[in-house]
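Working through the structure, step by step
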Amino acid sequence: MTPQEVLAELTALQAGDVPTHGGSTMAYVYDSGRAGVEDLAAAAQAAFQWTNALDPTAFPSVARIEDDLVGAAADLLGGGPATVGTVTSGGTESCLLAVLAARERWRARGGYRRGGSGRPRLVLPVTAHAAFRKAAHLFDLEVADVAVDPDTCRALPAAVAGALDDRAALVVVSAPSYPHGVLDPVGEVAALAAAAGVPCHVDACIGGWVLPFLDDVPEPFDLSVPGVTSLSVDLHKYGYAPKGVSVLLTAEPELRQGHWFSTAGWPGYPVVNPTLAGTRPAGPMAAAWAVHRWLGRDGYAELARATRAATVALAGGAAAIPGLRVVGTPVATLVALAQDGPDGVDVLNLADEATARGWLLQPQPPFAQPGGADLPATLHLTVTGATAGRVDALLADLADAARAAAELPRPVADPDLVAAAATIDPAALTVAEVDALLELAGVGGGRLPERMAPVHALVAALPRPVAERLLAGVLDLVYRPRRAAFSG
Ligand SMILES: Cc1ncc(COP(=O)(O)O)c(C=O)c1O
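Quick summary incoming for the structure in this document. Since this is a predicted model, take the numbers as computed values, not measurements.

Brief notes about the environment of Ala288
With respect to the element layout, Ala288 can be found in helix H10 (residues 283-319). Each C-alpha atom of the pair Ala288 and Arg167 lies 38 Å from the other, and the pair is 121 residues apart in sequence. Dropping the residues within four chain positions of it, Ala288 is found in contact with Leu69, Leu235, Ala241 and Val245.

Section: the side chain of Thr333
Along the chain, Thr333 turns up in the loop between strand E10 (324-326) and strand E11 (334-339). A relative accessible area of 2% places Thr333 in the buried class. Thr333 has contacts with Val210, Tyr238, Thr307, Arg308, Thr311, Leu381, Thr382 and Val383, leaving out every residue within four places of it along the chain.

Examining the sheet that holds strand E13 (residues 378-382)
Spatially, the 4 strands line up as an open sheet ordered E10-E11-E13-E12, and their pairing is antiparallel. What marks the edges here is a single partner per strand, and that holds for E10 and strand E12 (362-364). Averaged over all neighbouring strand pairs, the angle between strand axes comes to 30°, with direction disregarded. Of the strand pairs in this sheet, E12 and E13 are connected by 3 bridges, and their pairing is antiparallel. Residue pairing across strands places Pro363 opposite Leu379, the latter belonging to E13.

Focus on helix H2 (residues 37-48)
If you check H2, its first and last C-alpha atoms are 17 Å apart, about what 12 residues at 1.5 Å a residue would give, namely 16 Å. Lining the buried residues of H2 we find H10.

Thoughts on the site of the ligand
Residues in close proximity to the ligand include Gly90, Gly91, Thr92, His129, Tyr178, Asp203, Cys205, Ile206, Asp234, His236 and Lys237, which together make up its full environment. Take Thr92: an N or O atom from its side chain is 2.6 Å from an oxygen atom of the ligand. Between the ligand and Lys237 there is a distance of 2.9 Å, counted from an oxygen atom to a side-chain nitrogen or oxygen. Protein coverage of the free-state accessible area of the ligand, which is 390 Å², stands at 84%.

A short note on the sheet that holds strand E7 (residues 246-250)
Strand order across the open sheet formed by 7 strands is E1-E7-E6-E5-E4-E2-E3, with mixed pairing between neighbours. The sheet is open, and its two edges are formed by strand E1 (84-88) and strand E3 (142-146), each paired on a single side. Within the sheet, the average angular offset between the axes of one strand and its neighbour, ignoring direction, is 20°. One ladder, built from 5 bridges, connects strand E2 (residues 121-125) with E3; its direction is parallel. Residue Val123 lies in a different strand from E3, and its bridge partner there is Ala144. Its contacts with the sheet place helix H6 (residues 131-139) against E2, E3, strand E4 (168-174) and strand E5 (200-203), and it is angled at close to 165° to E2.

About the cut-offs
- Residues numbered from 1 in each chain as written.
- Predicted model: local features only at pLDDT ≥ 70, side-chain atom pairs only at ≥ 80, totals over all residues.
- Heavy atoms only, no water.
- Helix = DSSP H or I, 4+ residues; strand = E, 2+ residues; numbered from the N terminus.
- Contact = heavy atoms within 4.5 Å.
- Buried < 20%, exposed > 50% of the residue type's maximum accessible area, 1.4 Å probe, protein only.
- Pairing = 2+ DSSP bridges.
- Axes fitted to C-alpha atoms, helices over the stretch in contact; angles between N-to-C directions.
- Expected span 1.5 Å × (residues − 1).
- Near = heavy atom within 4 Å.
- Polar contact = N/O pair within 3.5 Å; in protein donor to acceptor, adjacent residues only side chain to side chain.
- Areas by Shrake-Rupley, 256 points an atom, 1.4 Å probe, with all protein chains shown as cover.

Below, the structure is given as structure tokens:
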């Protein structure tokens, strides 16, 4: 084959993907909508794509790039003279490392002795990103779930305070939260955490490159807030860099040591890793660096303000659509829509109707809070620079989709399936049994149906461990080999 033929094959593979550009995919991708950003990022990425960020002494250029990115983040987000940071592969890795560092601090300070038996705890308002649940799973912490206010969807300081015992290794707040785009009371929670001697992480993965440029943020949320010990911010989101770049800031170097790994315990080269990976791609870092240098503070401020104005207009317009309401007070560039009243529009059906009109609006199933009132199903919209110019078209399609969704039967889980699932021990299920259950649930072969509302309704109705096993089963089917062995 010629290189052109190979590239044509790749292009053909993309035909089934949701668009990465144009602003209609309102989750997963971030399009600035500004000419030149992509070309610059691609050129910078190409220049560094063979460089290995594993060893910054062999590639001092990478050390400099990382230092500049950390410096920019610290400057933007309230860092002080002692602030240090690490460039990671994304939001999840930044969150993982923040938890690892806090666990190590808890251990070093005699956590087990102070708290007696048991594992360290990660105190999570339920709206904290799922990456923290992954961290607890990987690093063996117990999650202390804390209910949020069911109306504002913000963390409740009094409820968080109740979880700050001797086993608490870290408390997390979001700026803003992914599900609803609302700002947690960072100052109050961080003060409570500090008084209890517990570190406090601000997850600004999605908002950290937007909020500092706005003048209507209700309260401080960054590293300058007393009690905040670390903060994560993703450059591959509103830094408009290609995938694979985030920054974890740490208030002082001692804490950062907790997520570094160093070994001389093998016959190979001495290994010191600040992140989870060994070999690390430098391309995304160079691209983030280039985009940041080019757009600069003014470029980002202009993008953030235009996107925020579009978000406010979108929220106002969506709230005026009969049967819909906006959840809480969105502070950044995310909006969550919910059904307004018992006769309102079902948002899971609305997501399907939006898909049919060319928009990816992300459905979030209803959630039963442990120890708190239930949170409704919502539709999540991430507004980026490219969406900003299309708000009128989006609102028109949303109103049309809402009318169509109102005509559909409400999605309900098959009661027989739910009753049968209640008797299942998910840990005992074989892969073949999971396949069979997925067939019954309408997602056999890992092929998702055109209408996903019934599937989301089922996921919400199943016992959580069963739902989680089935979700893994869908992925298992998607990745089951179906390709030819070796090309050529
Ligand atoms: C608040 C927040 N934290 C963490 C993450 C995880 O980031 P990533 O998908 O880059 O791993 C996200 C992603 O949307 C997020 O919004």
